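Residue-level structure breakdown
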Amino acid sequence: MKTNHVAIIGGGPAGIAAAKSLLEDGLTPVLIEQSNSIGGQWNQGAAHSGIWPNMPANSCHIKMSFSDYEYPAGTPMFPTNQQVLAYLTGYARQFGVDAHVRLNTRVELISRGPAGQYVIWTVNRDGERRTEVFSHVIVATGRYNKPRYPSTPGLDHFRGRVLHSFDYRGREAFTGKRVLVVGNSISGLEIASDLAFDDSITVISSSRKPRYIVRKLMNGMPTDEAVLTRFGAYVNQVLPPHEAAAGLKQLVLDACGNPADFGGLRPADSIMEAGISQCHDYLAQVADGRIQTVRGIQGFTPTGAILSDGIEVEADVVLLATGYDLHLPFVSEDIRQTVRAGREHLELHDFTFHPDLPNFAFMGLYQQIGSYFVTAELQARWIAACWSGACPQPSTEEMAAGVAASQHFNQFRGMATCQEVAEKLSANLGVAPTLDHYPDLVRELFFGLLAPSQFRLEGHGRQPDARARFERTSRHFTAGQPVPLNEQQIGGLMMLASKLPEHAALQRVAQQLQPEPVEA
């Protein structure tokens with residue numbers, strides 16, 4: 001059967017945002033979801049979800065939301081996973097996405113079809129198969145659903161239980177056990193911290209490369225507001241990497257300290273080499289002796305592991321927080337080769353398009369620091385606007401240049417902040433706020449949370465109540481009151497203006513911040 005509808009593969013936050021954006025621009029989505037409910041990772045209990053019952057969000061609810069739908073009043077700063085799922089299902093219901101969803105339907109294969117279209121083979125839970133031809137396809141299946149297992153010698157001879165963090169479902173199953181948690185990404189720290197709340201569990205946290213660790217709050221505010229800002233994104237553009245990294249390191253040390261100060265492992269002096277991870281309680285639990293920190297593992301034994309420093313530790317359970325591989329088993333080999341799909345990355349123009357795959361898009365499959373909600377919605381809106389004609393599509397030459405830039409980025413960085421991705425996508429869509437048009441919102445726009453309503457202030461999809469929503473959400477943690485720029489922030493903006501003379505709006509912002517001349 002041939003259809004001009006847009007196929008969306010995956011019903012998580014990205015897929016839901018894609019369906020809503022397509023409807024907003026007059027297109028018809030067909031959202032195909034393999035489980036019995038939308039929500040993606042937040043649909044706890046689905047085969048592709050690694051959420052455990054007590055796992056909260058790592059970002060505050062403002063960054064875990066879309067631009068025109070808010071959480072209910074009284075939602076905690078960091079919502080529970082149940083609250084996030086309720087938000088997503090409410091959003092889909094509010095904007096009519098539900099009517100376009102096919103649940104319990106698995107995509108077996110997507111390949112090129114006739115006349116530049118795409119053939120999709122699906123099967124539902126009753127075993128009924130369907131073959132359809134779509135003119136447009138969006139792949140939004142999520143980045144974190146195929147656990148990566150290390151090839152460390154001896155793991156297959158360990159006699160205790162081995163599981164990946166993807167399969168962790170709470171500390172209740174580990175009462176009285178010695179648990180060796182391998183890895184210090186967010187999931188590794190969060191799981192070690194969750195286990196440590198049970199006094200009967202011996203928690204051993206292994207780190208091959210010790211990282212700097214931030215809490216969810218810095219000085220009473222969400223860490224997102226201190227670290228993942230527009231100012232920070234601009235700083236990464238204009239300062240040499242080592243200089244920008246030094247400023248970030250000092251910010252982390254001032255707010256959270258060095259892990260070694262708590263009895264943990266000391267990271268490398270360079271924060272670029274060490275990296276950053278996040279967990280609210282981990283460092284305090286290390287200081288209290290609830291978590292024992294050890295070096296990386298050179299090999300496993302039947303009863304435990306041998307560390308890189310030669311010390312042997314015993315364990316009943318090995319819990320591998322060792323990351324995820326990019327997983328697109330339903331995409332034809334031809335399409336995989338076109339985007340050079342590997343374990344980590346795809347090669348795409350601005351994380352989305354490829355010049356040799358017309359009317360085909362990927363969503364949310366890049367590695368990012370920070371919540372995906374804001375960037376996924378911007379990506380969805382950009383795709384919908386390009387395909388509806390509301391926004392010019394990038395040319396073949398622009399996409400080819402973008403793919404080349406992607407190759408360089410994947411090789412030398414591989415991961416962007418949510419603010420950096422938002423800056424790129426909002427500029428492509430033409431909805432980045434014109435900074436000097438909002439002189440009374442300069443602090444919120446440069447140093448505040450990445451509140452999604454700022455991308456409804458102007459351009460395609462502009463909404464008349466966006467400013468009121470932006471003021472409300474961006475000032476959520478200051479009791480609704482504006483906070484003036486401090487001297488350090490003004491100095492930072494002046495520095496940016498001097499480094500970016502071609503940025504006209506930033507020059508006008510700097511001009512507005514100049515003190516009035518004193519009359520003689």
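Residues numbered from 1 in each chain as written. Predicted model: local features only at pLDDT ≥ 70, side-chain atom pairs only at ≥ 80, totals over all residues. Heavy atoms only, no water.

1. Digging into the pairing of strand β15 (residues 297-301)
Among the 5 residues in β15, 4 count as buried, and that is most of the element. By the bridge criterion, 4 bridges tie β15 to strand β16 (residues 304-307) in an arrangement that is antiparallel. Bridging across to β16, glycine 299 finds its partner in isoleucine 306. The hairpin turn running from β15 into β16, its antiparallel successor, is 2 residues long. (Buried < 20%, exposed > 50% of the residue type's maximum accessible area, 1.4 Å probe, protein only. Helix = DSSP H or I, 4+ residues; strand = E, 2+ residues; numbered from the N terminus. Pairing = 2+ DSSP bridges.)

2. Considerations on the pattern of salt bridges
Summed over the entire model, instances satisfying the criterion amount to 32 salt bridges. As a salt-bridge pair, aspartate 68 and lysine 20 come within 2.6 Å of each other at their nearest N and O atoms. Residue aspartate 68 is found in the loop between β2 (29-32) and α2 (81-94), and its partner lysine 20 is found in helix α1 (residues 13-24); the two are separated by 48 residues along the sequence. Looking at aspartate 68, the relative accessible area reads 16%, which means it is buried. Residues glutamate 108 and arginine 106 are paired through a salt bridge, measuring 3.9 Å at the closest nitrogen-oxygen approach. Classification of glutamate 108 as partly exposed rests on a relative accessible area of 27%. Classification of arginine 106 by relative accessible area gives partly exposed; the value is 41%. Through salt bridges that share partners, Lys20, Glu24, Asp68, Glu377 and Arg456 make up one connected network. (Salt bridge = Lys/Arg side-chain N within 4 Å of Asp/Glu carboxyl O.)

3. A short note on helix α11 (residues 396-412)
Relative to the 24 Å expected for 17 residues at 1.5 Å per residue, α11 spans 25 Å between its end C-alpha atoms, a close match to the ideal helical length. The set of residues buried in α11 consists of Met399, Gly402, Val403, Ser406, Phe409 and Asn410. Down the axis of α11, the buried set is contained in an arc of 125°. They therefore lie on one face. More than 90 degrees from the buried face of α11, the exposed residues found are Glu397, His408, Gln411 and Phe412. Looking at the packing, one finds that the buried side of α11 touches β21 (416-417). (Expected span 1.5 Å × (residues − 1). Arc of directions from axis to C-beta. Contact = heavy atoms within 4.5 Å.)

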